[in-house]
Amino acid sequence: SGTNKCLCEVIKEEIPQGLPVILTGPSHAEEVAREIPTTIVCASENKDATLLTQELLMTDFFRIYLSEDPVGAQLGGALKNVIALAAGMADGLGYGDNTKAALITRGISEMSRLAIKMGAKPETLSGLTGIGDLVVTCTSKHSRNNRFGFKVGRGTPVSKALEEVGTVEGYYAANMAYALSQKYGIDMPIVRECYKIMYENKDVKKALLDLLNRPNRSEH
């Protein structure tokens, strides 16, 4: 905790002989348990490890794609939780689908900028563990991050919303993502505003309005 290292890095430090494999993607456990068709990514620097994991775990309703980009897979799975907070807060404020689509689209742009700077492959963030996981977390009724964000958007204090929802990955990821954006000099306005709401008590509506009133620029 507090290292801002990817889990694979920590595992390799603690278990040097280990071959860490990351399973991540749009896969709410409630649906997997009901055998609803689900597709995820299995990522590792060791191709044999991913092949073995795929062979052991893939079923006719649980499809696993292979990736040799564990950095991108891990960052996609963590950073999307922060964007989901923003999407939930927008819902809580009563904003509509237009706002959520903008947050998802600009969110993946922020996620990609940081991940690529940290060594991830661009295509990873445009796949299941990036935009796929982001979409499901920003829109699903199963998402604790979205539910927490909705409560905060409705005016519930952050501390109380945490008590009511339980574990909210995006709350902790906002601190991590903001620190990494500062370390690597990456502009991440959605992450920054989420951080200020979570840790500096910034007003939610003011934060989202500040996002809209940033200096004019081109999309790409």
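Everything below is about the structure printed above this text.
S.K.: Would you mind going over the nonpolar core in detail, with residue names and values included?
M.R.: Of all hydrophobic cores here, the largest spans 47 residues; its most connected members are Met 89, Phe 148, Val 152 and Met 198. Going through the elements one at a time, helix H4 (70-92), helix H5 (97-117), helix H7 (128-139), helix H8 (144-153), helix H9 (158-165), helix H10 (169-184), helix H11 (189-200) and helix H12 (204-212) are the ones with two or more residues in this core. Element by element, the count of residues in this core is highest for H4, at 10 residues. Beyond its immediate stretch of four places on either side in the chain, Met 89 contacts Gly 149, Phe 150, Val 152, Gly 153, Cys 194, Ile 197, Met 198 and Val 204.

S.K.: Before we move on, could you go through the pairing of strand E2 (residues 38-43) and cite the residues and values that matter?
M.R.: Of all six residues making up E2, five are buried, and the element is well covered by its neighbours. Of the pairings in the sheet, the one linking strand E1 (residues 22-24) to E2 comprises three bridges and is antiparallel in character. Residue pairing across strands places Thr 24 opposite Val 41, the latter belonging to E2. Of the strand pairs in this sheet, E2 and strand E3 (residues 62-67) are connected by six bridges, and their pairing is parallel. The partner of Cys 42 across the bridge, within E3, is Leu 66. Handedness of the E2-helix H3 (residues 47-57)-E3 crossover: right-handed.

S.K.: Outline the pattern of salt bridges, supporting the account with residue identities and numerical values.
M.R.: Counted according to the given criterion, the structure contains 11 salt bridges. Glu 164 serves as the salt-bridge partner of Lys 151, at 3.1 Å between the closest nitrogen and oxygen. Of this pair, Lys 151 sits in helix H8 while Glu 164 sits in helix H9, and the two are 13 residues apart along the sequence. A residue is classified by how much of its surface remains accessible, and Lys 151, at 25% relative accessible area, is partly exposed. We note a salt bridge from Asp 210 to Lys 206, for which the minimum N-O separation is 2.9 Å. Placement of the pair is Asp 210 and Lys 206 together in helix H12, with a separation of four residues, close to one helical turn. By relative accessible area, which is 23% here, Asp 210 ends up partly exposed. Within this structure, Glu 193, Lys 202, Lys 206 and Asp 210 form a network of salt bridges that share partners.

S.K.: I'd like a description of H8, backed by residues and values.
M.R.: Those residues of H8 that fall on the buried side of the exposure criterion are Asn 145, Asn 146, Phe 148, Gly 149, Val 152 and Gly 153. Down the axis, H8 shows its buried residues gathered within 165 degrees of arc, on one side only. Between the side-chain oxygen of the N-cap and the backbone nitrogen of Asn 145 there are 3.4 Å, and the N-cap of H8 in question is Ser 143.

S.K.: Requested: an account of a nonpolar patch on the surface, with residues and values cited.
M.R.: Taken together, the side chains of Leu 23, Leu 52, Leu 56 and Leu 57 define a hydrophobic patch exposed on the protein surface, amounting to about 380 Å² of accessible area. Considering each element in turn, the nonpolar patch owes the most residues, three residues, to H3. Relative to the elements of secondary structure, Leu 52 occurs in helix H3. Under the relative-accessibility criterion, Leu 52 is labelled partly exposed at 46%.

So, how was this worked out
- Residues numbered from 1 in each chain as written.
- Predicted model: local features only at pLDDT ≥ 70, side-chain atom pairs only at ≥ 80, totals over all residues.
- Heavy atoms only, no water.
- Core = buried A, V, L, I, M, F, W, Y, C linked by side-chain atoms within 4.5 Å.
- Buried < 20%, exposed > 50% of the residue type's maximum accessible area, 1.4 Å probe, protein only.
- Helix = DSSP H or I, 4+ residues; strand = E, 2+ residues; numbered from the N terminus.
- Contact = heavy atoms within 4.5 Å.
- Pairing = 2+ DSSP bridges.
- Right-handed = clockwise from strand over helix to strand, strands pointing away.
- Salt bridge = Lys/Arg side-chain N within 4 Å of Asp/Glu carboxyl O.
- Arc of directions from axis to C-beta.
- Polar contact = N/O pair within 3.5 Å; in protein donor to acceptor, adjacent residues only side chain to side chain.
- Patch = residues over 30% accessible without salt bridge, like charges linked within 9 Å, V, L, I, M, F, W, Y side chains within 5 Å.
- Areas by Shrake-Rupley, 256 points an atom, 1.4 Å probe, with all protein chains shown as cover.

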